[in-house]
Amino acid sequence: MREYNVFCEIHPPQISIKKIKEINPQGMIFSGGPSSLTQKNAPRCKKEILSLGIPLLGICYGMQLIAHFFNGKVGKSSAREYGKTYLCIDDRKDLFSGMKKNIITWMSHEDKVTGLPNGFIRLAHTRNSKIASFADRKRKIYGVQFHPEVVHTPQGKEIIKNFLFKICKCKGLWTMKSFIKESVKQIRQQVGNASVVCGLSGGVDSSVCAILLHKAIDKRLHCIFVNNGLLRNNEEKQVKDTFKKHYSMQFHYADAEALFLRKLKNITDPEKKRKIIGKLFIEIFEKEAKKLTNITFLAQGTLYPDVIESCSVFGGPSAVIKSHHNVGGLPEKMDLKLVEPLRFLFKDEVRLLGEALGMPDEIIYRHPFPGPGLAIRILGAVTKERLDILRQADAIFIEEIKSAGLYRDVWQALSVLLPVKSVGVMGDERTYENVVALRAVTSVDGMTADWAKLPMELLEKASSRIINEIKGVNRVVYDISSKPPATIEWE
């Protein structure tokens, strides 16, 4: 939807009718999900949502929920549909406008609609599902059993487009130019005459966040850079040169490497690492901010995937994928209020925003880097020695990708230090040293990703250099898992 310049938000099913009326959307989508309607405590929304007169599209589980609310029949499928499925379209008006009679779709379900709800007609079917899409055009309620939002449904974007413009009558007015204008206005309204400290790491998110804030409040923005000792090679110098010299921002430096390493000593659980780093990060910020005057707000480059992945559909922590540094490590009480101007953007949109703000490519297209830094790329305990090994390996891998001219083709490339050692042979002597895993993925927004098919020559050269140039490493492996089921980071 964002690609068609239509702004959208994601909310849990517990959203109130009052909140929906406040938002006043032109349309709604009930998403798919892992639950079954037959399960106890399966996600439900308020049935009153269906009577608000707002156009609605249900996808997979969302379609089944609509059928359930309108007294349709939902049951277990005799043959589970998963993967590539041919859809036969029976009605090519509005939702399927411009489509051929048969299209390829992506299915992922065990339950299915077996009986039409009251007032609905069938729009499409498959070999296994007699009702693969339905509609009540009078109430502008539609449902599809397949997933139009994934790339495996080639014409899925066209279906989404039809829903947005033919059914919801959206205008497609949401652009980065309009986002900047609205964001500057909102930042000024929220901040007033106060000053803001910004968590500047040098990554894409915090950098774009800082430039946007600088545009809104100029000298009342104070950028605090915390050297937590978990940074990439030469990152400290790059950040200083970019923001202190090039952008002439009010730049403050805090060297906390020793403190972070002491707090992380012997900590191996990834969630504990994130919580410790996040909490300490905020504590240092508050300490540094107190040295300044009229500081009321803390700015963070939190993105929408961070927010989404940190909350379950039940509105609580029961099915959290992982705690993100920007949203999961905050103490319950802070002396500073939060400003998160990128909170509703995906990573690709942040880069578009950076371009619209006139930022240089070396900042905009820098690969994502997690808030907890190399601490979550070291599996197991974090030590100075292990950090130095990983820093060198990461620098070599990125250098080889850039030399091959593939840096912009890869969404994210990283190295991981594994908590195991392996036997090797160097100079006719037995070694027992560390294993480094290399990971590179391709993606659009970071929500899903596929492993990058890098040339074997590149991987061979990177592996050879890492083993020969870094003392303590005798084996390199390459991660070929996608997201899902894996995440991009290892922890």
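Data block above holds the structure.
Residues numbered from 1 in each chain as written. Predicted model: local features only at pLDDT ≥ 70, side-chain atom pairs only at ≥ 80, totals over all residues. Heavy atoms only, no water.

1. A look at helix α8 (residues 270-289)
And step 1. Taking 1.5 Å per residue, 20 residues should reach 28 Å; α8 reaches 28 Å between its end C-alpha atoms and fits that length.
And step 2. For α8, the set of buried residues is K273, R274, I277, G278, L280, F281, I282, I284, F285, E286, E288 and A289.
And step 3. Of the residues that open α8, the one with a side-chain oxygen 3.1 Å from the backbone nitrogen of E271 is D269. (Helix = DSSP H or I, 4+ residues; strand = E, 2+ residues; numbered from the N terminus. Expected span 1.5 Å × (residues − 1). Buried < 20%, exposed > 50% of the residue type's maximum accessible area, 1.4 Å probe, protein only. Polar contact = N/O pair within 3.5 Å; in protein donor to acceptor, adjacent residues only side chain to side chain.)

2. Observations regarding the pattern of salt bridges
Side chains that differ in sign of charge can pair as their charged atoms come close.
And step 1. Scanning the model with the defined rule gives 25 salt bridges in all.
And step 2. When the shortest N-O distance is used, the salt bridge between E399 and R465 registers 3.0 Å. You can see E399 sitting in helix α13 (residues 384-403) and its partner R465 sitting in helix α14 (residues 456-469), a full 66 residues away along the chain.
And step 3. Residue E399 is classed as partly exposed on the basis of its relative accessible area, which comes to 40%. (Salt bridge = Lys/Arg side-chain N within 4 Å of Asp/Glu carboxyl O.)

3. Quick look at the environment of N474
And step 1. If you trace the backbone, N474 turns up in strand β16 (residues 473-478).
And step 2. Sequence spacing of N474 and N434 is 40 residues, and the spatial spacing of their C-alpha atoms is 6.2 Å.
And step 3. In contact with N474, other than residues within four places in its own chain, are S422, V423, G424, M426, T431, Y432, E433, N434 and I467.
And step 4. At a separation of 2.8 Å, a polar atom in the side chain of N474 contacts the main-chain carbonyl oxygen of S422. (Contact = heavy atoms within 4.5 Å.)

4. Structural notes on the sheet that holds strand β12 (residues 337-339)
And step 1. Within the open sheet, the five strands sit side by side as β10-β9-β8-β11-β12. Their pairing is parallel. Of all the strands in the sheet, the pair left with one neighbour each is β10 (250-255) and β12. Direction aside, neighbouring strands of the sheet carry axes that sit 30° apart on average.
And step 2. Where strand β8 (residues 195-199) meets strand β11 (residues 295-299), four bridges bridge the pair, whose relative direction is parallel. Pairing of C198 across the sheet is with A299, part of β11. (Pairing = 2+ DSSP bridges. Axes fitted to C-alpha atoms, helices over the stretch in contact; angles between N-to-C directions.)

5. Considerations on the packing of aromatic side chains
And step 1. By the definition in use, this model includes 12 aromatic pairs.
And step 2. On the numbers, 6.2 Å between centres and 25° between planes, the contact of F225 with F251 is stacked. Taken together, the residues F225 in strand β9 (residues 221-227) and F251 in strand β10 connect sequence positions 26 residues apart. Here F225 matches F251 in class, with each residue buried.
And step 3. Their ring planes at 65° and their centres at 5.7 Å tell us that Y304 and F346 sit as a pair that is edge-to-face. One end of the pair, Y304, is in helix α9 (residues 304-309); the other, F346, is in the loop between β12 and α11 (347-356), with 42 residues separating them in the sequence. Each member of the pair Y304 and F346 is classed as buried.
And step 4. Taken together through their ring pairs, the aromatic side chains of F7, W174, F179, Y304, F344 and F346 make up a single cluster.
And step 5. Its end group placed over the ring of Y253, K240 keeps NZ or CZ at 4.1 Å from the ring centre.
And step 6. Above the plane of the ring of Y407 lies K402, whose end atom (NZ or CZ) is 4.9 Å from the centre. (Phe/Tyr/Trp six-rings, centres within 6.5 Å; stacked < 30°, edge-to-face > 60°. Lys NZ or Arg CZ within 6 Å of the ring centre and 35° of its normal.)

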